[in-house]
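# Close look at the chain arrangement
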Amino acid sequence: MKGKNALIFCVFVLFLTGQFSLDFSRVHASNERYKVSSNDSVPSLQDIIDKAKPGDRIVLAEPKYSGPVVINKRLEILGSENVLLINDKPEPAITIQADGVTVHDINVLQKHAGEESTAVHVQADRVTIRNLKIRTRGFGILLRNAENCILENNNITWDTSQGKSAIGQKGNGIDLFKSNHNRIANNKISNMRDGIYLDNSKSLDIVENMIFGSRYGIHCMYIDGTKIVGNIGEYNMTGAMIMGVRDVLISDNSFAKQKNNANSQGILLYDVQTSIVQKNSIEGNRVGIYLERSSQNKLSHNSIYRNFVGIQFVNAENNIIQNNDFVANVIESEANDSQSNQIEHNFWDSAKVLDTNHDGNSEIKYSINPFYRNLISETPAYQLFFQSPGISFLSGMYEHDQNSWTTDSSPRMKLNQPAIISSTIADKRLLPEKTFLLIIASMLLLISGLTIIYSRGSKT
Amino acid sequence: MKKGFVALSFILVLIVVAGCGKKTYQPQAINEDVDVCVICNMQVKDDAFATQIVTKEGKSLKFDDIGCMNEWKSQNGTDEIGMAYVRDYNDKEWIEYEKAAYVYDASIRTPMAYGLVSFKDKKSAEQFIQEQSVGQLLSSEDLANHKWEQSKGMMDMDMHMHDDGDAHGNSHEHDENRHEDSTGH
Amino acid sequence: MSDMLQVAKKEIKVGFRNPWAYSFLVLFSVFSLSLLLINSQNEISGYSGVTGSMLSLILYLLPLMSLFLGSFSLTAEKEEGSWQLLSTYPLGTLSFMLGKYFGLSVVLLTIISFGYGLMGIVTVLVGKMFEVNTYLLFLSFSCGLVLLFLALALWIGTLAKNRWQALTISVMIWFFTVIAWPTILIAVLGFLPYLWIKPLLVIFTFLNPAEFVRLFVVIKLGGGSVLGPEYYQWVGWIHSASGSFSFFVLFLVWLLFSLTCVCWIWERRRSRA
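- Identification of chain C as Cu-processing system permease protein from Fontibacillus phaseoli is taken from an unreviewed UniProt entry.

- Chain B is annotated in an unreviewed UniProt entry as Copper chaperone NosL from Fontibacillus phaseoli.

Here it is, written out as C-alpha cells:
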C-alpha cells in the first residue's frame, strides 16, 4: 500500500452518456480532467461525483478516498481491491438516490458507530452493488423503497478495530424495508446483528449468501413471495428467523452450529403460512427446525442431523412434514398442541420400525412423547433434566392418550436423502486425529490387559 | 472454589428472599443474551418497549412489546398475573401496568409495531405528545378497549431509526404509508 | 503407608479373581461397541444422538458396577471374618479403608480402560470418526463417575450386614440416583413455591454424583444451551476453565467427605468391639 502511495495515480472519468460498451484501454487513454494527486490529503469522492455527468463511468485509482458521498445521478463507479473509501461522518459512506447506479469493487469503512450509522444507503431503483468490502460500526447496506436492485458478492463485517461490541449495539448486514423485487446473492456477512434483515418487502431473491456469527442469519417479516435458496448460516444465534410471511420458498440452505445461545435454532418459522421448506441441511443446532403458529406449510426432504432437538412444533397445525431425515439428534422431536399435521415418510433413526408389506415405509407409527416438553413449559427450571435417563423412564410411563400426540403415520425405513457429512471437522484433521486416537486406545487396552494378567498371575 | 461458595450462598440468600418476600412482586432485569419474547420469540432488547408479567407464583414472562403482553393475556387470561410491568419511555424504569400512562399512534415505532409507548405519569406522556405532535393519551383502563392493531411493516423500530435521521425527504412518505397500513389492517 | 499398599494389592488380586468384574467388563465393552456400530454412519463429536445415548449407557452401567463391586468387597470382609482378624493387628482403619478404595479403583478403572481401549481401536478400524476430545472427555468422566460411586459403595458396604443386604441397598441407591431421580424431585418440588424450585434443584443436583457428572459432560460437550435460559450463567461458568477446576473441587469434597465418614464409622465399631 505504502509503496503504491508514492506513485501518482490518476482518476479517470469518462463520458459515457448511455454507452456502456467501452473497453478499458480507452478509459485510461481518454482524459485526465479529474486527476487528483495523492500528495494532497485524501481526495473527496463527492467532488469527483459532483463533476461527473449522468451516465459517466468513474474509475477510482487512488488507494484512499474520503466520504460521505451522495450519488444523485446515474453513474457507474468502479474501484479495485486496493481502493478504500473511508467515512468518519455520521452520514452513510455512500448514499444512492439516482436510479440505475452501479457501484463495484470498493472497500468501504464506515467508522461512525450507532443505530443511525450505515455504510451504503440505497433509496433508488435498479441499483447494482457488487464486490464491495464493507467494514462498519453501524449497518452494512440499507435499501429503502428501492426496487429491482442487485446486491452481489459483497463482504460485510463488523469493524472490531475500535474494540468489541455487544450484539445489541451492532447494525444489520443487509437491511431491506419496503423494497420489492431485489436480488441479494453471494454476499458474505459476519459478526453483525442480523445478517440479512428483510422487512415488508415482497418477491425477493436471497441466493447463496453466507452468514456467520451474527444474531439472526436471515431475519424476515412480511416478505411474501420471496425465495431463500442456497444460503449458508453458521454460528449465529438463529440461522433463519422467518416471521409473518406466506408463500415463501426456503430451499437448499444449510444452517449449522446454531447452538451456543440458550435460544438458538437452525430455522425458526413463526406465523408462516403456505410456504415451502425443502432440501435444507440442518446440522448441529440447538433446535433444528422450530415451527410455531404456522399452518399449511410443506416441510420436505430436509436433512436434520445432530441437533439437540431435531424439530419442535408449538401450536402448528395442518402442515405437511414428509420425507425428512432425522439422524443422530439428541431428541428427535418435541411437540405441544400440534395434532393435525400430516407427518409421514420421514426417517427417524431412533424409531422402532417394521415394514411388513415391503413398501419402504414402516407400519408402526412413530409418536412424539410430549411429556418433557409439557413439563418444562410449565417449569423451565426442569430443563436441567434434559435427556437424563430418569426422564426417559418417566416419559415411558406416561403413555396414555397417545392418539393426541403428534405422530408420523408411516416412518421411512431408510434415509430419504444421501447422508450429509459434517463439513467443519472432516478432511484435513482426520488422519492425525485417527492416529492419535489409535495410540491412546491401544495404550489403554495394553495397560488394562497387563494389569489383569499381572494381578492374576502373581499368586503368592 | 470461591466462586462455588459465592454461588451456593447466593442460592441460600435466594431461598431466604423467596421465603420472606412472598406477596411483593419484583420485575426482573432484562438480559439481552437470553431473554426472548414469550409470544413472538424475538430477542427482548433492554429498552423502553420491554414489558414483563410476574405471575402469582413468581415466574417472570418477558415481552418485547406491550402488544405481545396483551396477546399473552388474551391467550392465558389474567388470573395468574401477579403484576404486570411496563417501562417508562424516558428512563426505562419499571412501572406497574395500572399506574402507567400510555400514548398511542400508528406512526410510533415499537418492536412489534403496536404503536404504544408507556410513561410513569401523565405529565411526561403529554410532553411526549407535544414534542411528537402526534399521539393519543390513554390510561390502562382505556387499553382494555384498545384495538391492538399492528402497523404491518414497521417492526423492530430501532432498525429503521435512521430513516428519521437522514432527512432525505422520504421519512414523511413512510409515515403516510404507515397510516394506510394500519387502517387497512 | 505400606499397610495401605498391602491392602490395595490384596484388593486388586481378589478383584480380578471376582467373576463379577469380568461380567461387567464384557457387558460394558459389548454395549459400548454396539452403540457405536448402530450409529456407524455418524461421526462422534460434540453433543448429538450418539454421544447422548453413550452418556445414558455410562450412567446406567458404571454406577451399578461400582456399587456392586465396592459394597461386596466390604461386606465380604465382614462375612468372611477377615476384618475381625485384621482389627486385632496394628493396622490403622484409615490405611485399611484407603487401601480398599485404591485397590477397588484400580480394578474398576482397568475395566473402563479396557472398554474404552477396545472402543477406540474398533472405531479407528471400522473407519469411523471419533473426535479425540470427545473420547477423552468420556473416558475421564467415566472414571470420575466410577470413583464417586465407589465412595458411595463404601458407605453401603459399611452399613450392610451381609452381601444380600448390600445388593439390595446398591440397587436401591442406583435406582434412586439414576432412574427415579427426576420423578422424585418433580414430585417433591411440585409442592413448593415456584421460586424455590430452581435453587433447590441446583442444590440437589450437587448431592447426586450421577446427575452433576451428566450435566458437566453435557455442558463440556457444548450442549449447555439445551438447558435453557434459566441456567445460562451456570453453563457459561462451567464451560470456562474455572468451571473444570470447581468440578474437580466438588469431586474431591465428595470423595473426602464420604471416605472420612466411612472411616469414622469403622473406627467406632472397631473400638466398640
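Structure shown, so let's carry the discussion forward.
## Section: the overall build of chain C
- Per the secondary structure count, chain C includes 12 helices and zero strands.
- From first element to last, N terminus to C terminus, chain C shows the α and β order α-α-α-α-α-α-α-α-α-α-α-α.
- Against the 2.2 N^0.38 benchmark of 19 Å for 273 residues, chain C shows a C-alpha radius of gyration of 20 Å, consistent with a compact globule.
- With the principal axes as the frame, chain C shows a C-alpha extent of 55 × 55 × 35 Å.
- Here chain C holds 273 residues, and the buried ones make up 49% of them.

## Quick notes on the sheet that holds strand 3 (residues 81-87) of chain B
All names here are of chain B.
- In space, the four strands of this open sheet follow the order 2-1-3-4, with antiparallel pairing throughout. Sheet topology places strand 2 (60-63) and strand 4 (94-96) at the edges, where each strand pairs with a single neighbour. Across the sheet, the axes of successive neighbouring strands diverge by a mean angle of 30 degrees, strand direction being ignored.
- In the sheet, strand 3 pairs with strand 4 via three bridges, with the strands oriented antiparallel. Counted as the bridge partner of Y85 is E96 from strand 4.

## Quick word on the interface of chain A and chain C
- If you look at the interface, chain A gives 50 residues, while chain C gives 54 residues.
- Mapped onto the side of chain A that touches chain C, the elements with two or more residues apiece are helix 5 (389-397) and helix 6 (430-457) of chain A.
- No other element matches the 17 residues that helix 6 of chain A contributes to the side of chain A that touches chain C.
- Grouping the amino acids of the side of chain A that touches chain C by side-chain chemistry returns 26 nonpolar, 17 polar and seven charged.

## Overview of the sheet that holds strand 5 (residues 101-104) of chain B
All names here are of chain B.
- One open sheet holds the three strands; their spatial order is 6-5-7, and the pairing between them is antiparallel. Two strands in the sheet have a free side with no partner beyond their single neighbour: strand 6 (116-119) and strand 7 (136-139). Between one strand axis and the next, the sheet turns by 30 degrees as a mean value, whatever way the strands run.

## Digging into the UniProt feature "transmembrane region" (unreviewed entry) in chain C
Residue and element names in this part refer to chain C.
- Mapped onto the present numbering, the UniProt feature "transmembrane region" (unreviewed entry) falls at residues 20-38, 50-74, 101-127, 134-157, 169-192, 199-223 and 243-266.
- For residues 134-157, helix accounts for 100% and strand for 0%, while the C-alpha atoms at its two ends are 34 Å apart.
- Secondary structure over residues 169-192 splits into 83% helix and 0% strand, and the C-alpha atoms at its two ends are 29 Å apart.

## Looking at the nonpolar core
- Residues V108, V120, V122, I141, I242 and I267 of chain A together with L108 of chain C are the most contacted members of the largest nonpolar core, which totals 232 residues.
- Sorting elements by how many residues they give to this core places helix 6 (residues 132-159) of chain C first, with 15 residues.
- With sequence-adjacent residues up to four places away left out, V108 of chain A is seen in contact with L85, A93, I94, A119, V120, L132, K133 and I134 of chain A.

Here is what the cut-offs are and how they apply
Residues numbered from 1 in each chain as written. Chains lettered and ligands numbered in written order. Predicted model: local features only at pLDDT ≥ 70, side-chain atom pairs only at ≥ 80, totals over all residues. Helix = DSSP H or I, 4+ residues; strand = E, 2+ residues; numbered from the N terminus. Rg over C-alpha atoms; globule rule 2.2 N^0.38 Å. Buried ≥ 20, exposed ≤ 12 C-beta atoms within 10 Å, placed from the backbone. Pairing = 2+ DSSP bridges. Axes fitted to C-alpha atoms, helices over the stretch in contact; angles between N-to-C directions. Contact = placed C-beta atoms within 7 Å. Nonpolar A, V, L, I, M, F, W, Y, C, P; charged D, E, K, R; others polar. UniProt positions renumbered as here; feature names shortened; annotations may be inferred. Core = buried A, V, L, I, M, F, W, Y, C linked by C-beta atoms within 7 Å.

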